[in-house]
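# Report on the structure
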Amino acid sequence: MNTLSLNGVNKHYGPKHALIDFDYTFRDGIYGLLGPNGAGKSTLMNIITQNIPFDKDGEIRWNGKSVSVLGSAYREIIGFMPQQQELYPSFTAKRFLGYIAALKGIPGKKARDEIERVLRLVELYDQADQKLGGFSGGMKQRVLIAQTLLGDPKLLILDEPTAGLDPKQRVITRNMISGLSKDKIVIISTHIVSDIETIADRILLIRQGEIIDEGTVSELCSKVENGRKNLENLYMQYYGDE
Ligand SMILES: Nc1ncnc2c1ncn2[C@@H]1O[C@H](COP(=O)(O)OP(=O)(O)OP(=O)(O)O)[C@@H](O)[C@H]1O
Ligand SMILES: [Mg+2]
């Protein structure tokens, strides 16, 4: 069982306090982050993946060890899909994934197998030799998802992975994520409640840099006061007046 613990993690962007005394322990399983624009979801993900620093007092531990001490040993177990990311238009899907595999230190033969595996997972195997510049927005999105899966990371952070996907690809992506091996921590942010409602083991509701509620889908849905007890209505209960 892996654990990722955040203790007293704060983030200021100048005067803006974007993450406030964040305390949470993630365990193997799928976590959904919900919250309105500006809640701090991407900030949290960028901090967990060490893409941005946090204020000096807090601590993040992977399996009990400080990630600042683990260094590259920690970064190697991460697969990250940032919210905004550029692709090299002249690269083919296969070449792009080969480039990422090399950055991750996956050796040649293993990399070829991994690239085939992840291209099949996102249903782009037949387009492997086409240039990314000619891909649709949703196809590019799937290449970016595929990239995170190379090397079977133990910590998978997906910032709005389904943004711009058509309904079929959204379902495929959802099923693919829920079918990943269970010995990993998967954290997904989304604005589409149905993307995570059926696959997340736990949901975190975030507002202005803080967790305002957290639990399994059924625990959270039982708190709905008006209307059907579903996650969308709970979302409206918390954020509807904003
Ligand atoms: N580089 C930055 N400089 C200054 N402020 C920032 C920066 N990045 C984020 N913020 C601010 O921090 C807060 C949290 O932003 P963040 O991007 O984490 O939210 P989010 O929950 O991911 O939102 P969205 O749903 O729109 O992606 C917002 O108030 C945002 O304006
Ligand atoms: Mg964001």
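Treat the numbers as computed from the prediction; the structure is a model and nothing was measured.

So, on to the overall build of the chain. For the chain, the count of helices and strands is 10 helices and 10 strands. Relative to its length of 242 residues, the chain is compact, with a C-alpha radius of gyration of 18 Å against a globular reference of 18 Å. In terms of principal-axis extent, the alpha carbons of the chain reach across some 50 × 45 × 35 Å. Sorting the 242 residues of the chain into buried and exposed places 37% on the buried side. Long-range contacts, defined as pairs at least 24 residues apart, comprise 67% of the intrachain contacts of the chain with a sequence gap of at least 6.

Take the packing of helix α4 (residues 93-103) against helix α6 (residues 137-149) next. Running from N to C, α4 and α6 cross one another at 30°; their axes reach a closest spacing of 10 Å. You can see that α4 and α6 cross each other, and the crossing is right-handed. Of the residues in α6, those in contact with A93, F96, L97 and I100 of α4 are V143, A146 and Q147. Here the contact of α4 with α6 is built from residues that sort into six nonpolar, one polar and no charged.

Around ligand 1, the surrounding shell consists of Y13, K16, A18, G35, N37, G38, A39, G40, K41, S42, T43 and Q83. Considering every element that reaches the shell around ligand 1, the biggest residue donor is helix α1 (residues 41-48), with three residues. Class assignment for the residues of the shell around ligand 1 results in three nonpolar, seven polar and two charged.

What follows deals with the pairing of strand β2 (residues 16-27). Across eight bridges, the pairing between strand β1 (residues 3-13) and β2 is antiparallel. The partner of T3 across the bridge, within β2, is R27. Counted between consecutive antiparallel strands, the loop separating β1 from β2 contains two residues, among which G14 sits at a positive phi close to 60°.

Note: strands within a sheet are paired through backbone hydrogen bonds, in either parallel or antiparallel orientation. Taken together, six strands build an open sheet; the order of strands is β6-β7-β8-β3-β9-β10 and the sheet is mixed. The open sheet has two edge strands, β6 (78-81) and β10 (210-215), and neither has a second partner. Averaged over all neighbouring strand pairs, the angle between strand axes comes to 15°, with direction disregarded. Note: β6 against strand β7 (residues 155-159), four bridges, orientation parallel. Each residue of the ladder has a partner; that of G79, found in β7, is L156. Those strands touched by α1 are β3 (29-34), β7, β8 (185-189) and β9 (202-207), and its axis lies near 150° from that of β7.

Turning next to the sheet that holds β2. Pairing is antiparallel in the open sheet, where four strands are placed in the order β2-β1-β4-β5. Of all strands in the sheet, those bounded by a partner on one side alone are β2 and β5 (65-66). Its contacts with the sheet place α1 against β1, β2 and β4 (59-62), and it is angled at close to 60° to β2.

Analysis parameters
Residues numbered from 1 in each chain as written. Chains lettered and ligands numbered in written order. Predicted model: local features only at pLDDT ≥ 70, side-chain atom pairs only at ≥ 80, totals over all residues. Helix = DSSP H or I, 4+ residues; strand = E, 2+ residues; numbered from the N terminus. Rg over C-alpha atoms; globule rule 2.2 N^0.38 Å. Buried ≥ 20, exposed ≤ 12 C-beta atoms within 10 Å, placed from the backbone. Contact = placed C-beta atoms within 7 Å. Axes fitted to C-alpha atoms, helices over the stretch in contact; angles between N-to-C directions. Left-handed = near helix turned anticlockwise from the far one by under 90°. Nonpolar A, V, L, I, M, F, W, Y, C, P; charged D, E, K, R; others polar. Near = placed C-beta within 6 Å. Pairing = 2+ DSSP bridges.

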